[in-house]
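# What the coordinates show
Here is how the chains run, residue by residue.
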Amino acid sequence: MQTQEKSFEVKNLIGGNWEERDGLETEPVYDPATGRVIARTPLSTKEDVDRAVRAAEEAFPGWSATPVVERARVLFRFKMLLEERFDELADLVTLENGKDTKDAAGEVRRGIEVVEFACGMPTLLMGETVRDVASGIDNVSWRYPLGVVAAITPFNFPFMVPLWTAPIAIGAGNTYVLKPSERTPLSAQRIGELLFEAGLPEGVFNIVNGAKEVVDAICSHPGIKAVSFVGSQPVAKHVYELGCAHGKRVQALAGAKNSMIAMPDAVLEKAVPNIISSAYGNAGERCLAGSVLVAVGTEEEQDRLVEAVKKAASEMKVGPGYEEGSELTPLIRDSHRERVRSYVDLAEEEGAEVVLDGRKPPVEEGFFFGPTILDRVTGEMRVAREEIFGPVLSVVRVRTLDEAIEFTNASPFGNACSIYTESGAAIRHWREHIEAGMLGVNVGVAAPMAFFPFNGIKNSFYGDLHATGKDGVRFFTENKVEIVRFYSDPDDVGPSVAYPEEAGA
């Protein structure tokens, strides 16, 4: 990939029109591998949100009345276009986010999987029926779209996360407003282009670029019925509270502090590469990253694990995502790199042992941070409790599985937890007592498939219905439950029920 020399123009998409917003303040979009500005995101206003909602409201009656089979056909065409442009889309993710080509391709594939799921909307929207709930009375439920819905998506998965909601929402008959991260707006723009190439009517899918003003306008706009958010915990809490205060349905996927529990019987030659991938893949900038390694066992067993992880991490190639063999890619911004560095400095002050130090990465340009391991971290340290969102692995040493569970459950977050063991008894005990919504057994990134919900709990999620899977369909639809009774005598119906001849009766 050599597209890093290209510059892009970021526009809003409102009512089918790509709009330039001259005169607005802008946010630079960087190639994280070089630090070069490749685009500028316009920081739109409340008025832009108003216009996008009006366009979506105008499109809603026609789109919601479009037969679900026809809506699904648009999604099938969209899916085909995504497959045809797979490499282009992965390259775009690498350019604006910095992740390596393997992770970028995985992100694109995961996004397409949600589109595949949404292509089954005719089945997913099926209601339920019970005949004769009482004598001559039937009970029926029907599923209807909400109206105009919105999504606010993060920088770390600029292609995948918009597709967690957009295909499900529009497939169910809603119209949609997207606010992508101002740091990574390019993938979302390409999604919009391909949706309309697939035949989506104007106004069904809209994009308003921006920052806090746009977020607050979406959460408070009376025309928006539901808001889906993915991002940091403080902002998720803000979106949830503001959206709910304005009568909206809200799902807000928040931060994480995920533990990977390694038992003494873990198969190290298999577990260690998996631990490395979880901790350092996507530069640690993902809410399913395993950021704490809980080493269970004796001091000797713990030492053996830490040494194996340290050896593997120290051999990682740090470099641009588009460079072959790169395993640890740059962070999204220099300011974020400084935040990650401050956590390592703090851990050292609090008594953690820096056994692998990435504060001076071997790459000069760009926003790189080397693989870092902090050993002998305790539960009182901030690095054990707070989300760092970078390539920093904290090691906590405990003697027993119960201590590992107790440490993990003390976290206010509950996104994911993994265990490395060959013991079925240990797995069952862990599963029954751990407080996390997504669990991995010898799997470091416990990402569910598109037909399951993304199931964070505790402070990792605000709301009732999760993203993706049947939860996603329920979130973007409303039930109408109908009680049916007819008084007419069947013998009196007569020929009025007959089909006309031209209909083939």
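What comes next concerns the included structure. (Residues numbered from 1 in each chain as written. Predicted model: local features only at pLDDT ≥ 70, side-chain atom pairs only at ≥ 80, totals over all residues. Heavy atoms only, no water.)

Let us now look at the pairing of strand β4 (residues 36-42). Two strands pair when backbone bridges link them, and strand β3 (residues 26-31) and β4 are joined in this way by six bridges, in the antiparallel orientation. Bridged to Y30 within β4 is V37. Linkage of β3 to β4, two consecutive antiparallel strands, is achieved through a turn of four residues, within which G35 is found at a positive phi near 80 degrees. (Pairing = 2+ DSSP bridges. Helix = DSSP H or I, 4+ residues; strand = E, 2+ residues; numbered from the N terminus.)

Bridge count between strand β5 (residues 128-134) and strand β6 (residues 137-145): four bridges; the pairing is antiparallel. For A134, the partnering residue across the bridge sits in β6 and is I137. In this antiparallel pair of consecutive strands, β5 and β6, the connection spans two residues, and G136 shows a positive phi of 75 degrees.

For helix α8 (residues 212-220), every residue scored as buried is listed here: V214, V215, D216, A217, I218 and C219. Against α1 (46-65), β7 (148-152), β8 (175-179), β10 (224-230) and α9 (233-245) lie the buried residues of α8. (Buried < 20%, exposed > 50% of the residue type's maximum accessible area, 1.4 Å probe, protein only. Contact = heavy atoms within 4.5 Å.)

Taking strand neighbours across the sheet as the criterion, the seven strands line up as β14-β15-β16-β13-β12-β18-β19 in an open arrangement whose pairing is mixed. Looking at strand neighbours, the two that pair on one side only are β14 (353-356) and β19 (438-441), the edges of this open sheet. Between one strand axis and the next, the sheet turns through 25 degrees on average, direction left out of account. The strands that helix α11 (residues 299-314) touches are β12 (258-262), β13 (290-296), β14, β15 (372-375) and β16 (392-398); relative to β16, the one it contacts most, it runs at about 170 degrees. Sitting on the sheet, helix α12 (residues 334-350) touches β14, β15 and β16, and the angle it makes with β15 is about 25 degrees. (Axes fitted to C-alpha atoms, helices over the stretch in contact; angles between N-to-C directions.)

To continue, consider the packing of helix α10 (residues 268-280) against α11. The geometry of α10 relative to α11 is characterised by a closest axis approach of 10 Å and an angle of 60 degrees between their N-to-C directions. By the criterion of interaxial angle, the relationship of α10 to α11 is oblique. In the crossing of α10 with α11, the sense of the turn from one axis to the other is right-handed. Residues L268, V272, I275, I276 and Y280 of α10 form the contact with α11, whose own contacting residues are R304, L305, A308, V309, A312 and A313. A breakdown of the residues in the contact of α10 with α11 according to their chemical character gives 10 nonpolar, no polar and one charged. (Parallel < 35°, antiparallel > 145°, perpendicular 65-115°, else oblique. Left-handed = near helix turned anticlockwise from the far one by under 90°. Nonpolar A, V, L, I, M, F, W, Y, C, P; charged D, E, K, R; others polar.)

The three strands lie next to each other as β5-β6-β22, forming an open sheet whose pairing is antiparallel. Each having just a single partner strand, β5 and β22 (477-485) make up the two edges of the open sheet. Each strand axis lies, on average, 25 degrees off the axis of its neighbour in the sheet, ignoring direction. Here β6 pairs with β22 via nine bridges, running antiparallel. Opposite D138, over in β22, you have V484 as the bridge partner.

Further remarks concern the nonpolar core. With 64 residues, the main nonpolar core has F78, L82, W164, Y176 and F205 as its most contacted residues. Tallying contributions element by element places helix α6 (residues 160-171) first for this core, with eight residues. Here W164 is in contact with V114, V230, L253, F454, A467 and T468, once residues within four sequence places are set aside. Grouped together as the second largest cluster of nonpolar side chains are 61 residues, A271, Y322, V377 and V396 included. (Core = buried A, V, L, I, M, F, W, Y, C linked by side-chain atoms within 4.5 Å.)

Orientation of helix α2 (residues 68-84) relative to α6, taken along the N-to-C sense of each, is 150 degrees, at an axis distance of 9 Å. Between α2 and α6, the angle is such that the two are roughly antiparallel. Touching V68, R71, L75, F78 and L82 of α2 are L163, P167, I170 and G171, all from α6. Along the lines of polarity and charge, the residues of the contact of α2 with α6 split into seven nonpolar, one polar and one charged.

The next subject is the packing of aromatic side chains. Tallied over the entire structure, the rule returns seven aromatic pairs. Each ring, one from W164 and one from F454, has its centre 4.7 Å from the other, and the planes form 40 degrees; the classification is tilted. In this pair, W164 is assigned in helix α6 and F454 in the loop between β19 and β20 (457-458), connecting sequence segments 290 residues apart. Here the two residues W164 and F454 agree in accessibility, since each one is buried. With centroids separated by 5.6 Å and ring planes inclined at 50 degrees, the aromatic side chains of F451 and F452 adopt a geometry described as tilted. Taking NZ or CZ as reference, K99 lies 3.7 Å from the ring centre of F157, over its face. The ring of Y144 has K480 lying over it, and the distance from NZ or CZ to the ring centre is 4.1 Å. (Phe/Tyr/Trp six-rings, centres within 6.5 Å; stacked < 30°, edge-to-face > 60°. Lys NZ or Arg CZ within 6 Å of the ring centre and 35° of its normal.)

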